[in-house]
Amino acid sequence: MKFQQLKELFDLPLFDLIKKSREVHDANWSDNEIQLCTLLSIKTGGCSEDCSYCAQSSRHNSGIQVERLMEKEEILKRAQIAKDTGSTRFCMGAAWRGVRSGTKRFDQVVDTIRDVSKLGMEVCVTLGELGPEEAEILKEAGVTAYNHNLDTSREHYPNIVTTHTYDDRLNTIRNAQDAGMSICCGGILGLGETNDDRLKLIEVISEFNPQPESVPINSLMPMPGTPLEGSDPVTVFDVVRMIAIARIAVPKAKVRLSAGRTQISEEGQALCFFAGANSIFYGDKLLTASNPSVQKDLKLISQLGLSAKQPNPNMEAPERECDRELSPCCAAE
Ligand code: SAM
Ligand code: DTB
Ligand code: SF4
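For the structure given in this document, a descriptive report is provided here. (Residues numbered from 1 in each chain as written. Chains lettered and ligands numbered in written order. Predicted model: local features only at pLDDT ≥ 70, side-chain atom pairs only at ≥ 80, totals over all residues. Heavy atoms only, no water.)

## Observations regarding the site of ligand 1
As a reminder, the rule being used: A single heavy atom is enough: if one lies within 4 Å of a molecule or strand, its residue is considered near that molecule or strand. Pairs of N or O atoms within 3.5 Å make up the polar contacts considered here, provided that, within protein, one atom can donate a hydrogen while the other can accept it, and that residues adjacent in sequence are counted only when both atoms are side-chain atoms. Working definition of accessibility: Shrake-Rupley area with a 1.4 Å probe, residue cover restricted to the visible protein chains. Residues were grouped as follows: Ala, Val, Leu, Ile, Met, Phe, Trp, Tyr, Cys and Pro as nonpolar; Asp, Glu, Lys and Arg as charged; and all remaining residues, including Gly, as polar.
If you check the shell around ligand 1, you find 17 residues, and the closest are Thr 126, Asn 149, Asp 151, Arg 169 and Met 221. Ala 94 places a polar main-chain atom, nitrogen or oxygen, 3.3 Å from a nitrogen atom of ligand 1. Between ligand 1 and Trp 96, the relevant distance is 3.3 Å, taken from a nitrogen atom to a main-chain nitrogen or oxygen of the residue. Notes on ligand 1: free accessible area 560 Å², of which the protein chains cover 88%. Here the shell around ligand 1 is built from residues that sort into 9 nonpolar, 6 polar and 2 charged.

In structure tokens form, the structure reads like this:
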């Protein structure tokens, strides 16, 4: 969707915006289900990149313990626990700039993915930059979706990260899509961005072809020792508005109410679900930061008369729409 259309929606009174997003939600998601995704940091800290929100950058003194790549057996144990507690997606994150085929650590991750994918959950990974070859290998190993966030607008991005560019992020997304993986791509609120930056992010994401399979909406969790530790908190209404806009712009995506839920009341989260969120990170830890407990989330879902989504291990990436002007995917035919 174009920026101007998004802006018109954004400028509506909140209830009018939610009315529209709810209509889109009901037309596409009549099931009242919430997807539960468990995150695991399989390689924590020591990252070369300087993302100013992130506790895992080696450039900040966040005080987190740097850890080596977790062994496959430990990851499999954690994945099984996630499945047993009702998660249908297991997301493994690594604090790396990216991965290269032929390296020991990439082979180890690929071997782990092969086994995790046999457990019957959707498998998501977020490992940083990918080339075409790495993307093919990950797809073949059983990755359902690749998470790679754009986080904010192209214009604001250099104020937040200087060690890689927006185009680097877009190239990775394209490589993952070309290899046939679904894309999970969203952003963070609270990076000092303007409302226009938020809308520009949604404009870019909604114009992917195919559109992303999921759109995580994170609120900055200000991590001690990072440049953004003293940032103003994001309000729940900012989150609701962003979710509603994402729901309208990317109707078939799971819109994930992501980092920052510990700061949102249950009533606030209910409003986020009403506005179009239908997925959460589930489990008391995100990557390094905290998240509501499993018991609390299950109780909230039940109190709202919603239910946890059932597994869908065979999910395939959506087809790319053929648009010769936008994407020359079939120009050679
Ligand atoms: N290194 C990989 C990358 O950058 O894509 C994967 C891990 S990275 C931690 C994944 C995402 O977590 C970031 O793109 C950002 O959206 C989110 N994130 C990281 N730190 C956060 C924080 N303090 N608050 C909210 N979201 C955060
Ligand atoms: C996403 O959009 N949010 C998740 C996941 N994708 C990898 C990560 C949130 C990280 C929150 C801060 C932390 O735990 O360090
Ligand atoms: Fe590294 Fe990813 Fe954190 Fe950036 S967001 S510092 S790339 S782990």
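## Focus on the packing of helix H2 (residues 14-28) against helix H10 (residues 266-275)
Stated precisely, the cut-off is as follows: Fitting a line to C-alpha atoms yields each axis, with helices limited to the stretch in contact; the angle taken between N-to-C directions then spans 0 to 180 degrees. In this description a helix means any DSSP run of H or I spanning at least four residues, a strand means any run of E spanning at least two, and both kinds are numbered starting from the N terminus. We call two directions roughly parallel when the angle between them is under 35 degrees, roughly antiparallel when it is over 145, roughly perpendicular when it lies between 65 and 115, and oblique otherwise. Whether two residues touch is decided by their heavy atoms; if any such pair falls within 4.5 Å, the residues are in contact.
One way to put it is that H2 packs onto H10 with a least axis distance of 8 Å and a crossing angle of 55°. In terms of their interaxial angle, H2 and H10 are classed as oblique. From H2, Ile 18, Ser 21 and Arg 22 reach across to H10, where they touch Leu 271, Phe 273, Phe 274 and Ala 275. A class-by-class count of the residues in the contact of H2 with H10 yields 5 nonpolar, 1 polar and 1 charged.

## Looking at the site of ligand 3
For ligand 3, the full set of nearby residues is Cys 47, Glu 49, Cys 51, Tyr 53, Cys 54, Ser 57, Ala 95 and Trp 96. Per-class residue counts for the shell around ligand 3 are 6 nonpolar, 1 polar and 1 charged.

## Re helix H1 (residues 3-10)
Formally: Per-residue accessibility, obtained with a 1.4 Å probe over protein chains only, is compared with the maximum for each type, and a residue is labelled buried under 20%, exposed over 50%, and partly exposed between these values. The directions considered for the arc are those from the helix axis to the C-beta atoms.
Those residues of H1 not exposed but buried are Phe 3, Leu 6, Leu 9 and Phe 10. The buried residues of H1 occupy an angular sector of 120° when the element is viewed end-on, so they sit on one face. Residues of H1 that are buried in the fold lie against H2, helix H8 (195-206) and helix H9 (236-249).

## Focus on the pattern of salt bridges
Cut-off, in case you're wondering: The term salt bridge refers to a side-chain nitrogen of Lys or Arg lying within 4 Å of a carboxyl oxygen of Asp or Glu.
The full count for this structure, using the stated rule, is 20 salt bridges. Two residues, Lys 2 and Glu 207, come together in a salt bridge whose shortest N-O distance is 3.1 Å. Taken together, the positions of Lys 2 in the segment before H1 and Glu 207 in the loop between H8 and strand S7 (214-219) put the pair 205 residues apart, joining distant regions of the chain. Given the relative accessible area of 37%, Glu 207 is considered partly exposed. Across the salt bridge formed by Asp 196 and Lys 7, the nearest N and O atoms sit 3.5 Å from each other. Taken together, the residues span a long stretch of sequence, with Asp 196 in helix H8 and Lys 7 in helix H1 at a distance of 189 residues. Judged by relative accessible area, Lys 7 falls into the partly exposed class, the value being 23%. Residues participating in the shared-partner salt-bridge network are Lys 72, Asp 111, Asp 115 and Lys 118.

## Regarding the pairing of strand S8 (residues 254-257)
Side-chain direction in a regular strand flips from residue to residue, so the side chains alternate between the two faces of the sheet. To keep it simple, the criterion reads: Should DSSP find at least two bridges between two strands, the strands are taken to pair. By the criterion used throughout, a crossover qualifies as right-handed when its path from the first strand across the helix to the second strand runs clockwise, the strands pointing away from the viewer.
A two-sided burial pattern is seen for S8, the buried positions comprising Lys 254 and Arg 256 on one face and Val 255 and Leu 257 on the other. As defined by bridge partners, S7 adjoins S8 across 4 bridges and the pair is classed as parallel. By the bridge assignment, Ser 214 is partnered in S8 with Lys 254. Regarding topology, H9 serves as the crossover connection from S7 to the parallel S8, and that connection is right-handed. Pairing of S8 with strand S9 (residues 279-281) involves 2 bridges; the strand directions are parallel. Bridging from a neighbouring strand, Leu 257 pairs with Ile 280 of S9. Chirality of the crossover, the property in question, places the unit of S8, H10 and S9 among those that are right-handed.

## Some points on the packing of aromatic side chains
Quick reminder of the rule: For Phe, Tyr and Trp, where Trp contributes only its six-membered ring, two rings pair if their centres lie within 6.5 Å, and the inter-plane angle classes them as stacked under 30 degrees, edge-to-face over 60, or tilted in between. The criterion for a charge sitting over a ring is simple: Lys NZ or Arg CZ within 6 Å of the ring centre, and within 35 degrees of the ring normal.
Taken as a whole and judged by the stated rule, the model has 1 aromatic pair. Here Tyr 157 and Tyr 166 contribute two aromatic rings whose centre-to-centre distance is 5.4 Å and whose plane-to-plane angle is 65°, an arrangement assigned as edge-to-face. Since its relative accessible area comes to 2%, Tyr 157 is described here as buried. Judged by relative accessible area, Tyr 166 falls into the buried class, the value being 4%. A cation over a ring is seen here: Arg 105 above Trp 96, with NZ or CZ 4.3 Å from the ring centre. Its end group placed over the ring of Phe 10, Arg 241 keeps NZ or CZ at 5.5 Å from the ring centre.

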